[in-house]
Structure formats: C-alpha cells, structure tokens
Amino acid sequence: QKEVEQDPGPLSVPEGAIVSLNCTYSNSAFQYFMWYRQYSRKGPELLMYTYSSGNKEDGRFTAQVDKSSKYISLFIRDSQPSDSATYLCARTPQGAQKLVFGQGTRLTINP
Amino acid sequence: EPEVTQTPSHQVTQMGQEVILRCVPISNHLYFYWYRQILGQKVEFLVSFYNNEISEKSEIFDDQFSVERPDGSNFTLKIRSTKLEDSAMYFCASSEGAEGFSEQYFGPGTRLTVT
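Residues numbered from 1 in each chain as written. Chains lettered and ligands numbered in written order. Predicted model: local features only at pLDDT ≥ 70, side-chain atom pairs only at ≥ 80, totals over all residues. Heavy atoms only, no water.

1. Quick notes on the pattern of salt bridges
In this structure the tally under the stated criterion is 6 salt bridges over all chains. Two residues, Arg91(A) and Glu3(A), come together in a salt bridge whose shortest N-O distance is 1.9 Å. One end of the pair, Arg91(A), is in strand S9 (residues 85–93); the other, Glu3(A), is in the segment before strand S1 (4–6), with 88 residues separating them in the sequence. On the basis of relative accessible area, Arg91(A) is assigned to the buried category, the value being 2%. One salt bridge connects Lys98(A) with Glu56(B), and the closest N-O pair in it is separated by 3.8 Å. (Salt bridge = Lys/Arg side-chain N within 4 Å of Asp/Glu carboxyl O. Helix = DSSP H or I, 4+ residues; strand = E, 2+ residues; numbered from the N terminus. Buried < 20%, exposed > 50% of the residue type's maximum accessible area, 1.4 Å probe, protein only.)

Okay, structure coming up:
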C-alpha cells in the first residue's frame with residue numbers, strides 16, 4: 001500500500017489561473033504535512049507545512065488538510081510562470097523525522 | 001542565507017567501485033539526512049543521523065551504504081560497491097532539531113551515474 005499518492009501530471013495552465021494540487025495518504029498516524037517545490041536540477045524547498053486539519057495561507061499559496069478523508073491540497077492563486085516547478089507533498093509519521101514524499105506533480109504556467 | 005552544499009554535482013563511476021558523496025550541512029543544525037531520487041521516481045529517505053550515530057534508516061540503506069561525520073562540518077555517504085541501480089540523485093538535508101516540526105533544508109544534490 002503506497003503511503004502517499006500524488007498525480008504526477010504534467011499539469012499545464014495559463015498564467016493567472018488557480019492551480020489545485022492534491023495528494024492522498026493511507027496511514028492515519030501522521031503528524032505534519034508539507035508541500036515542497038523543486039526546480040529543475042535543485043533540491044526540494046519547503047513551501048508550507050500544516051499540522052492539523054484545516055487551511056493555512058501564505059501569500060498566494062493555501063495548504064489544506066482533511067484528515068477525515070486523508071486528503072492534502074495545495075492551491076496557488078494568480079499563478080506565475082516562476083511557479084513552474086515540480087510540487088511534492090510529504091508527511092512525517094508520528095515520532096519520526098523522515099519525510100515520505102509523493103510522486104511529485106510537474107506544473108507549467110504558460111505566459 | 002545559510003545553505004546545504006554538496007559535492008560533487010555529478011559523479012560517474014564504474015559498477016563495483018566505491019563512491020563517497022559529500023555534504024556540508026547548515027552549521028547550527030543537529031540532524032542530518034540522505035535521500036535519493038531515481039529518475040522519474042519519488043524522493044526516498046535513506047538515513048538520518050544525530051549525535052554521531054544513525055537514528056533511523058530505510059530498507060534501501062543496506063550494508064553497502066554507510067554515513068559518517070568525519071569532522072565538525074562534513075557529512076558523507078559512502079557506497080562500497082556501486083550497482084547500476086544506485087544511479088540516482090542523492091540529496092543531503094539538515095535540520096535544527098527533531099522536536100515538533102523542524103524544517104529540513106536540502107542541498108542541490110549529487111547526480112550519481114553508475115556505468
């Protein structure tokens with residue numbers, strides 16, 4: 001059973017569109033949920049993390065966790081070409097610090 | 001801004017050879033990690049290291065792998081006898097602490113190619 005599942009895309013949208021990226025997970029014993037952004041030939045970079053169910057907003061980015069349905073989402077408003085990257089969802093299990101990543105969704109924002 | 005650095009950026013080696021991948025974590029961080037990403041696949045956890053010992057390792061991290069903090073700044077991953085399937089990007093990461101949430105900062109990676 002895969003622990004974190006994410007549609008790899010690719011996803012291509014016009015500049016200014018709202019982007020929705022999603023992940024599901026299978027194990028309820030999770031503590032933190034994260035979204036990382038990875039540009040080509042770079043390491044993952046943390047965008048946002050959440051602890052409990054609900055929304056967390058940071059500028060144009062909103063992370064949403066629904067623990068009852070085991071669903072994690074990232075919304076990007078007013079998307080920009082510079083947002084073009086691969087977005088990785090991740091979680092940490094309780095009591096451990098290793099990150100478990102989803103497949104990553106490759107996103108392209110077209111000018 | 002402090003960052004994790006890794007050398008080399010690209011390493012080509014022949015099957016059966018030993019390789020050492022090097023990382024310099026952020027200076028005040030206490031926890032260190034190695035991950036790998038085979039082309040087209042997920043980023044996978046290999047090992048975490050704290051207080052000069054392995055704190056957790058995955059099933060991928062078998063006897064062919066070892067980690068070391070030889071001095072106060074470097075953190076290395078050694079693969080004793082490389083296989084073709086070891087070809088991947090290897091990312092080093094570091095974090096301040098393990099209590100609660102502690103952001104892991106990733107380096108740019110070392111691309112290992114085993115021929």
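2. Focus: the interface of chain B and chain A
Often the size quoted for an interface is simply the accessible area lost on bringing the parts together. Taken together, the contact pairs 20 residues of chain B with 19 residues of chain A. In total, chain B and chain A occlude about 1700 Å² of area from one another, counting both sides; carbon and sulfur atoms represent 56% of this. Of all residues in chain B, the largest losses of buried area upon contact with chain A belong to Lys42(B), Phe101(B) and Phe106(B), amounting jointly to 37% of the total for that side. At the junction of chain B and chain A, the tally comes to 1 salt bridge. Our enumeration of links across chain B and chain A arrives at 5 residue pairs in polar contact (both at pLDDT 80 or more). For the side of chain B that touches chain A, the secondary structure elements donating two or more residues are strand S4 (31–37) and strand S5 (43–50) of chain B. In terms of residue count, the dominant contributor to the side of chain B that touches chain A is S4(B) (3 residues). Classifying every residue of the side of chain B that touches chain A by side-chain character gives 9 nonpolar, 8 polar and 3 charged. (Contact = heavy atoms within 4.5 Å. Buried area = accessible area lost by both parts, 1.4 Å probe. Polar contact = N/O pair within 3.5 Å; in protein donor to acceptor, adjacent residues only side chain to side chain. Nonpolar A, V, L, I, M, F, W, Y, C, P; charged D, E, K, R; others polar.)

3. Some details on the state of the cysteines
All chains considered together, the criterion is met by 2 disulfides over all chains. The disulfide bridge from Cys23(A) ends at Cys89(A), spanning 1.9 Å between sulfur atoms. Because the torsion about its S-S bond is -95°, the bridge between Cys23(A) and Cys89(A) counts as left-handed. Here Cys89(A) lies in strand S9 and Cys23(A) lies in strand S3 (residues 19–25), a separation of 66 residues in the sequence. Both residues of the pair, Cys23(A) and Cys89(A), belong to the buried class. Between the sulfur atoms of Cys23(B) and its disulfide mate Cys92(B) the distance is 2.0 Å. Taking the sign of the torsion about the S-S bond as the criterion, the disulfide between Cys23(B) and Cys92(B), at about -65°, is left-handed. Separated by 69 residues along the polypeptide, Cys23(B) in strand S3 (residues 19–24) and Cys92(B) in strand S9 (residues 88–95) bring together distant segments of the chain. The exposure class of Cys23(B) is buried, given its relative accessible area of 1%. Overall, Cys92(B) belongs to the buried group, its relative accessible area being 0%. (Disulfide = S-S within 2.5 Å.)

4. Topic: the nonpolar core
With 23 residues, the main nonpolar core has Trp34(B), Leu46(B), Phe61(B), Val67(B), Phe75(B), Leu77(B) and Tyr90(B) as its most contacted residues. Grouped together as the second largest cluster of nonpolar side chains are 22 residues, Val13(A), Cys23(A), Tyr25(A) and Trp35(A) included. (Core = buried A, V, L, I, M, F, W, Y, C linked by side-chain atoms within 4.5 Å.)

5. Side note on the pairing of strand S8 (residues 71–76) of chain A
Walk down a regular strand and you will see the side chains alternate between the two sheet faces. Residues and elements named next belong to chain A. Inspection of the sheet shows S3 paired to S8 by 6 bridges, in the antiparallel sense. For Ser 20, the partnering residue across the bridge sits in S8 and is Phe 75. Connecting strand S7 (residues 61–66) to the antiparallel partner S8 that follows it, the hairpin turn spans 4 residues, and Lys 70 within it adopts a positive phi of roughly 55°. (Pairing = 2+ DSSP bridges.)

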